[in-house]
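# Topology and contacts: notes
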Amino acid sequence: TTEVISDFIFATFRVRGGNGLRKDRIRSSILRWHPDKLLGVLTKIVDEERHIVHDGINTVFGAMKQIQDQEKQAA
């Protein structure tokens, strides 16, 4: 869920005392999980499971975009 992904992305903020900006963490996560960037990962997955990994990448990316939109609305 978006809430679980948000908790994961910002967990180190709570542990490390909130170093950095939330928007920077969101942006770097969006870049890291962008489906186009992870196409190379898919080539290393067995054919039968490739769609599962692809769906997971899209889920995380979509959640990150949703988190980014929520942060923009809150600002």
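In this report, the structure presented in the accompanying data block is examined. (Residues numbered from 1 in each chain as written. Predicted model: local features only at pLDDT ≥ 70, side-chain atom pairs only at ≥ 80, totals over all residues. Heavy atoms only, no water.)

## Thoughts on the environment of A63
Mapped onto the secondary structure, A63 falls in helix α4 (residues 47-74). For the pair formed by A63 and T1, sequence separation is 62 residues and the distance between their alpha carbons is 7.4 Å. If sequence neighbours within four positions are ignored, A63 has contacts with T2 and I5. (Helix = DSSP H or I, 4+ residues; strand = E, 2+ residues; numbered from the N terminus. Contact = heavy atoms within 4.5 Å.)

## Things to note about helix α2 (residues 22-32)
Every buried residue of α2 is accounted for by I26, S29 and I30. Looking down the long axis of α2, one finds its buried residues gathered within 100° of arc, a one-sided arrangement. For α2, the exposed residues lying more than 90 degrees away from the buried face are R27 and R32. (Buried < 20%, exposed > 50% of the residue type's maximum accessible area, 1.4 Å probe, protein only. Arc of directions from axis to C-beta.)

## Some points on α4
Look at α4: 41 Å from first C-alpha to last across 28 residues, which is about the 40 Å you get at 1.5 Å a residue. Buried within α4 we find I57, V60, F61, A63, M64, I67 and Q68. (Expected span 1.5 Å × (residues − 1).)

## So, the layout of surface pockets
Of the pockets and cavities examined, the largest pocket occupies roughly 160 Å³. What lines the largest pocket is R22, K23, I26, R27, Q68, E71, K72, A74 and A75. At the level of elements, α2 and α4 are the ones that each hand at least two residues to the lining of the largest pocket. For the lining of the largest pocket, the class distribution of residues is 3 nonpolar, 1 polar and 5 charged. (1 Å grid on protein atoms, 1.4 Å probe; cavity = no way out; pocket = protein on both sides within 12 Å on 5 of 7 lines; lining within 4 Å. Points joined across faces, edges and corners; volume = space filled by probe spheres on them. Nonpolar A, V, L, I, M, F, W, Y, C, P; charged D, E, K, R; others polar.)

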